[in-house]
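# Examining the three-dimensional arrangement
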Amino acid sequence: MGGDLRHGGLPGTMDPAGTRPGAEPRPAGPPKILGVVWGLLILNTLGSTGAKTIIPLPRSLIQLVTMGALVAAFALALVVNARLRIRASAYVLLLTLLLVASVISSAHLESGFGALFRCFRLALFVGTLWLLSRWWDGGLTFVRPHIRVYFAVLGTVAVGLVVSPGAALPGEYEGRLVGALWPLTPPQIGQYAAVVIGLTVLLLLGRRTDRVSAAVVIVPSLVLLAFTHTRTATLGLLVGLVLAIGSLILTSAAARRFFTWAVLCATVAAVVFASALQAWFLRGQSQENFSSLTGRAKVWDALLAAHRSTSEQMFGVGLGDKSFGGLPIDNSWLAVYNEQGLIGVTLVAAIIAVLGGVALLRPPSLQRACAIFLISYCGIASYTEVGLGDASPYLLHLALAASLLAAPAEPAPLSMPEVRRRRVPRWAQRSEAT
C-alpha cells in the first residue's frame, strides 16, 4: 500500500511540512518581513527638505521619522538574520570601503559634527544591506517591494495634487509638481516615477504581471512624471528601457514586439507633437540658461577651481549637504569629489564598473534586464543629481541591481540519516564462523 502507515499516515496524505512522505521538503521562501525592511530603507532616503507642504511639518519631525525608519530597518534585519549570515557582495564591500573613506574625511570636522552623524547614518544603511545580502540570490525578491513602496509615495503626491493643486504646483518651482503632503522636489518625484515605470514595463515583458495591473501603475506614474517636467528622469527612463529591452530582444518575442511598437509610436509623436515636446523640454528657459544646465555649470566650475590641500583632494572635506558656496552641486561625481575626494570618486566608479561588467557577463534574463535598467538610469542621473556617495535612493537602486545580478545560492546538500549498525550476538557470530 502507498503511504507511510508506520507513522499513522493515510495513503497519499501530506506530512505537516506540506510534502508527501518520502519527498524532499520544499525550500523555505524569503521572509515576508524583508519587504518591510526594504520599505523602511526607502522611507529613510526620502529626505527632509523640499517644497512647502499643506500641513507644515517641522524638519526635526521629518528627520526623526526618516532616521527612525533606518534604525527600525536595521533592527528588523538583525532580527530576521539573527545568525548574521551574509553573502559575499562586491557592491556592499565597495560601499563599506566608501564608508571608511567617509569616516576618515569627516574626522577632521571641516563640515562640522553633522558629518559624523551622516557617517553613522551611512554605517546603519550599509550594515542593513549586509544583513539583507543573505537573500540576494538573483531573484525578484526585492523588486516588487521597490515598486510598491515608491508607487505608494507617488500616491501621496497624487493626493496632494488633487487636494491642493496650488501647493502641489507652486510658482517658486515654476509650476512643476512637488510633494504637498511630504516635502518632495520635482527631481525626486520624477526619479521615483521613472524607476516605477521602467521596472513595471520589464515585469510586464517578462510575464511577471498582467496588463491591467501594469496599466494601473504605469499610467498614473507617467502623468506625474509629465507634471514634474524632469528632463533627467525622462532621459534616464528612455535610455534605460532601450538598453534593458535591447538585452532581451534575442530571447523574448514580447520584447521585440514592444520595442518595435515603441519606436513606431515615438517616431509618430516626435513628428506630430514636436513643438509641444520642445516646449516641455525647455520649460520656458532661455538658451543661455539651458546651455548652462540651469546654472549648474557655474557651481561646477567654481568647485573645480577652488584651492584644495593634498588631503582634501584625496579624502575630501567630509560628508555634508551636497552644496558648495551655499549652492547645490547637483552632480554626484563632483559631490563625491568634494566630500570624499579622489578616493571616493574611484570607489564610486568601481561600483558602477563592477555592476555593469557583471550585468554584461550574465546570460539574458528578466533579472539582468532590470539590473541594466537601474544601472544605466543611475549612471545618467548622476550627471545632474547627487546621491552616489551617501545613503540615497540611487544607492538603493544599485543595491537592487546587485541583488538581481547575484549568483543563485547553491542548495545545501541533503544530509542522509545515519544508519545504525545492528549488533550481532556472539552465538550468531560463532554459528556463522562454523
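The sections below set out a description of the structure shown in this document. Positions within a chain are numbered from 1, following the residues in the order the chain's sequence is written. Only residues with pLDDT of at least 70 are given local features in this predicted model, and only at 80 or more are side-chain atom pairs given and counted; all residues enter the totals for whole chains, interfaces and linings. Note that the side-chain values use all heavy atoms of the structure and ignore hydrogens as well as water.

### As for the overall build of the protein
Each helix corresponds to a stretch of at least 4 residues labelled H or I by DSSP, and each strand to a stretch of at least 2 residues labelled E; elements are numbered beginning at the N terminus. Helix and strand counts for the protein stand at 18 helices and two strands. Within the protein, buried positions represent 43% of all 434 residues. Partitioning the intrachain contacts of the protein with sequence separation of at least 6 by distance along the chain shows that 74% fall at a separation of at least 24. Accessible surface, the protein as shown: approximately 22900 Å² in total, 66% of it carbon and sulfur. Only protein chains enter the accessibility calculation, which uses a 1.4 Å probe. A residue is then buried if its area is under 20% of the maximum for its type, exposed if over 50%, and partly exposed in between. The contact criterion used throughout is that any non-hydrogen atoms of two residues lie within 4.5 Å. Using a 1.4 Å probe, accessible areas were evaluated by the Shrake-Rupley method; residue-level cover was limited to the displayed protein chains.

### Description of the side chain of Ser 403
Structurally, Ser 403 is set in helix 17 (residues 393-405). The exposure class of Ser 403 is buried, given its relative accessible area of 3%. Looking at Ser 403, its side chain comes within polar contact range of the main-chain oxygen of Leu 400, at 2.7 Å. Not counting the four nearest positions on each side in its chain, Ser 403 is found in contact with Trp 136, Asp 137, Gly 138, Gly 139 and Phe 142. Polar contacts here mean pairs of N or O atoms no more than 3.5 Å apart (in protein, one a potential hydrogen donor and the other a potential acceptor; neighbouring residues in sequence count only if both atoms are side-chain atoms).

### A short note on unusual backbone geometry
The phi angle at Arg 207 is positive, at roughly 60 degrees, despite the residue not being glycine. Its place among the elements puts Arg 207 in the loop between helix 7 (186-205) and helix 8 (211-228). Even without a glycine there, the phi angle at Lys 322 is positive, about 60 degrees. With respect to the secondary-structure elements, Lys 322 resides in the loop between helix 14 (310-315) and strand 1 (323-324). Residue classification places Lys 322 among the buried residues on the basis of a relative accessible area of 13%.

### With respect to the side chain of Ser 247
Its place among the elements puts Ser 247 in the loop between helix 9 (231-246) and helix 10 (253-272). According to the relative accessible area criterion, Ser 247 is buried, its value standing at 14%. Ignoring anything within four residues of it in the chain, the contact list for Ser 247 reads Pro 364, Arg 368, Ala 369 and Ile 372.

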